[in-house]
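A structural walkthrough
So the chains spell out like this:
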Amino acid sequence: MTVTVWTWTVAVGGLVLIILLSALQVVALVRPRSKWTISNVYGGDPSSTDPVAYFAFNQGSAWADVFLWAPLQIAGSVGMLLGERWGFLLALVASVPYWYTAVYFFIWDRDLGFRQRTATYWILTWGIWPAFGVLESTYCFARLVT
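In this text the structure is predicted, and so the values were computed from the model without any measurement.

1. A look at the nonpolar core
- Membership of the largest hydrophobic core comes to 17 residues, with the highest contact counts inside it found for Ile18, Trp69, Met80, Phe88, Tyr98, Tyr139 and Cys140.
- Among the secondary structure elements, those contributing two or more residues to this core are α1 (5–30), α3 (51–81), α4 (85–112) and α5 (119–145).
- Other than its neighbours up to four places away in sequence, Tyr139 contacts Thr4, Trp6, Thr7, Val10, Met80 and Phe88.
- Within the second largest apolar cluster, 8 residues are counted, among which are Tyr42, Tyr54, Phe55 and Trp108.

2. Re the side chain of Thr7
- Positionally, Thr7 belongs in helix α1.
- Among the residues examined, Thr7 registers a relative accessible area of 0% and is labelled buried.
- Sequence-distant contacts of Thr7, that is, excluding residues within four places in its chain, are made with Thr2, Met80, Leu81, Phe88, Tyr139 and Arg143.

3. Focus on α3
- With 31 residues, α3 should cover 45 Å at 1.5 Å per step; its first-to-last C-alpha distance of 42 Å lies within 8% of that length.
- Taking the backbone nitrogen of Val52 as reference, a side-chain oxygen 3.0 Å away marks Asp50 as the first, capping residue of α3.
- Of the residues one or two after α3, Gly83 is the one with positive phi, at around 75°.

4. Some words on the environment of Ala11
- For Ala11, the location among the structural elements is in helix α1.
- Judged by relative accessible area, Ala11 falls into the buried class, the value being 0%.
- When the C-alpha positions of Ala11 and Gly113 are compared, they lie 34 Å apart, and in sequence the two are 102 residues distant.
- Not counting chain neighbours up to four residues away, the residues in contact with Ala11 comprise Ser77, Met80 and Leu81.

5. Overview of a nonpolar patch on the surface
- On the surface, a nonpolar cluster with roughly 470 Å² of combined accessible area is contributed by Val96, Trp99, Tyr100, Tyr104 and Val134.
- Broken down by element, the residue count for the nonpolar patch peaks at 4 residues, all from α4.
- Looking at where Trp99 falls in the secondary structure, it is placed in helix α4.
- Here Trp99 falls in the partly exposed class, since its relative accessible area comes to 35%.

6. Some details on α5
- For α5, spanning 27 residues, the distance from its first C-alpha to its last is 36 Å, which sits close to the expected 39 Å at 1.5 Å a residue.
- Helix geometry: α5 is bent most strongly at Gly127, by close to 65°, with proline Pro130 lying one to four residues after it.
- Within α5, burial applies to Tyr121, Gly127, Trp129, Pro130, Phe132, Gly133, Glu136, Ser137, Tyr139, Cys140, Arg143 and Leu144.
- Those residues of α5 that are buried are in contact with α1, α3 and α4.

7. Quick word on the side chain of Ser34
- When you line up the elements, Ser34 lands in the loop between α1 and α2 (35–42).
- Of the residues examined, Ser34 reaches a relative accessible area of 11% and is grouped as buried.
- A distance of 2.8 Å separates the side chain of Ser34 from the side chain of Thr37, its partner in a polar contact.

Rules used throughout
- Residues numbered from 1 in each chain as written.
- Predicted model: local features only at pLDDT ≥ 70, side-chain atom pairs only at ≥ 80, totals over all residues.
- Heavy atoms only, no water.
- Core = buried A, V, L, I, M, F, W, Y, C linked by side-chain atoms within 4.5 Å.
- Buried < 20%, exposed > 50% of the residue type's maximum accessible area, 1.4 Å probe, protein only.
- Helix = DSSP H or I, 4+ residues; strand = E, 2+ residues; numbered from the N terminus.
- Contact = heavy atoms within 4.5 Å.
- Expected span 1.5 Å × (residues − 1).
- Polar contact = N/O pair within 3.5 Å; in protein donor to acceptor, adjacent residues only side chain to side chain.
- Patch = residues over 30% accessible without salt bridge, like charges linked within 9 Å, V, L, I, M, F, W, Y side chains within 5 Å.
- Areas by Shrake-Rupley, 256 points an atom, 1.4 Å probe, with all protein chains shown as cover.
- Salt bridge = Lys/Arg side-chain N within 4 Å of Asp/Glu carboxyl O.
- Bend = angle between axes of the 7 residues up to and from the residue.

None of the figures reported here should be taken as evidence of function without further support.
This is the structure we're talking about:
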């Protein structure tokens with residue numbers, strides 16, 4: 001498959017986002033209850049809800065992101081850059097958690113009072129993930145069917 005400027009944009013964008021997320025989630029795996037992890041990775045405050053559920057939810061995401069989602073996205077991005085059909089397919093599969101998990105976090109943040117009324121929250125903390133997921137899904141699907 002032809003590697004275009006859009007291929008580079010989507011593949012590199014996926015790599016940047018998943019490497020950022022993975023780095024934060026590795027910190028969460030190594031130091032799951034540290035103040036820095038709670039403030040900068042999980043968000044919110046475990047004392048404002050059931051701490052067991054709070055840490056279980058966030059730890060589940062950390063394990064899944066590092067060991068399932070990241071390898072899938074990295075392989076997909078590399079395959080796209082190599083112009084391989086399987087790369088576009090893996091990237092399409094890897095695009096789903098970007099927008100699928102955004103629904104969970106949208107409800108989680110709302111119901112637990114973690115959501116903020118700032119542009120930073122709506123664009124960087126929450127919005128960039130589903131927006132990229134929809135972009136990657138659309139692009140990869142279009143490339144696979146044409």
